[in-house]
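# Fold and geometry: a report
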Amino acid sequence: MATATAQLKHRWSVGHNYLAGITAGDWWRLLRANGFAVDAVYWHRAAVVTALSAVNAVHRWRERRFDAAIAATPLAGPPLFVLGHWRSGTTHLHNLLAQDTIHFAYANTYQVINPHTFLTTEALNTRLFAGLLPDTRPMDNVALSFRSPQEDEFAPLLMTGLSPYLGVAFPRRDDGYAPYLSFRDAPPDDVETWARAFTWFLKKLTFKYRRRLVLKSPTHTARVRLLLRLFPDARFVHIHRHPYEVFQSFRHYYDTAMWFTYLQRPDLDAIDGKILRRYTALHDALFDDVPRIPAGQFHEVRYDDLERDPVEVLRGTYQALDLGDFTAAEPAIRAYLGTVRGYEKNQFPPLEPEWKARVAAEWRRSFECWDSRA
């Protein structure tokens, strides 16, 4: 479907866009890879990214003084990866684990958007530009700030240009970015480029915090095989939610958060099909890789259980993955839960019969594995 200009939500928005943290050289390479095909309705957005990329390049040069120290920094322990499809509760689980600053550190919103420069710029810029972020995420009512725990996918994306998320900015090349979900079918050189950048980012976070990292990105759910190669002792906690709820919530995600990133007109008629295919690709990879995970390094939780009794779910996670003394972290976790006690989830109408049947058929493996009712 050709989207009329009047239908382009947030067309004039230039904020809440992860490309704001890209550097000039990487921005040029990204544009060139996409044939400089920015639609005219988004030229202003590309112009702002271009201006910011020049400033980012200067700060990147300044930050190189830390390179030797970062390279010499070992990780403080095996990373803990929060896995799960988008809209499955990964953010809630990540936020809870991030309250444990005794055992863990995490990547925040500013750091993942400014992976080359955060050591130099974070202290000042998080004060100067805090007003550029909305108080809550556009797709739900979850609080958002530069210091909020954030998914780390954006950091290697900006460092390498290798991520399925770039298929949102450039939807006409969405299929070209699809191999970077799991990296199984990506060129070997691209796999190694991404692996080096991701490892560097984790070392940089460790240089800053000197603590073990708890990381979250739905894309990692399809990359367990690669992550085990990089971090053989890594721990994984996977959260899953009823597939119908995930489908409806991800639809809403496309109709809210995605609009801030487009540089090309999206084909709205193609979105439901994209959701079906990506969910299948992500979970096929996960189901294939879970048997590869050594005993004691993988734990699975249900979203409904986390919602009903988060403290006990976390206690069980700490025990299953040997994450340390939960009693030391429990007070901070309970205090955080008190701040979100009144949180209300999005409510959606019943799923249309046609799409309910398609989800049940195409995601049957998930229904069977998690004993969900179709």
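Note that the coordinates shown come from a computational prediction; the quantities given were computed from them, not determined experimentally.

### Description of helix α16 (residues 326–339)
Taking 1.5 Å per residue as the helical rise, α16 with its 14 residues ought to reach 20 Å, and the 20 Å between its terminal C-alpha atoms agrees with that figure. Looking at the packing, one finds that the buried side of α16 touches α4 (90–98) and α15 (310–321).

### What about the confidence of the model for the chain?
Per-residue confidence for the chain averages 93 on the pLDDT scale, and 96% of its residues sit at or above 70. Scored below 50 in pLDDT, residues 1–6 shows 13 contacts in the model against residues more than four places distant or in partner chains.

### Quick word on helix α10 (residues 188–209)
In a regular helix each residue adds 1.5 Å, so 22 residues correspond to 32 Å; α10 covers 32 Å between its end C-alpha atoms and thus fits that length. Once α10 finishes, Arg210 follows within two positions and takes phi at roughly 60°, a positive value.

### Some remarks on unusual backbone geometry
Not every positive phi belongs to a glycine, and His16 is a case in point at roughly 55°. The topology assignment puts His16 in the segment before α1 (24–33). Located in the positive-phi region is Phe183, a residue other than glycine, with phi close to 70°. Here Phe183 lies in the loop between α9 (174–177) and α10. Overall, Phe183 belongs to the buried group, its relative accessible area being 5%.

Scoring rules and cut-offs
- Residues numbered from 1 in each chain as written.
- Predicted model: local features only at pLDDT ≥ 70, side-chain atom pairs only at ≥ 80, totals over all residues.
- Heavy atoms only, no water.
- Helix = DSSP H or I, 4+ residues; strand = E, 2+ residues; numbered from the N terminus.
- Expected span 1.5 Å × (residues − 1).
- Contact = heavy atoms within 4.5 Å.
- pLDDT = per-residue confidence, 0-100.
- Buried < 20%, exposed > 50% of the residue type's maximum accessible area, 1.4 Å probe, protein only.

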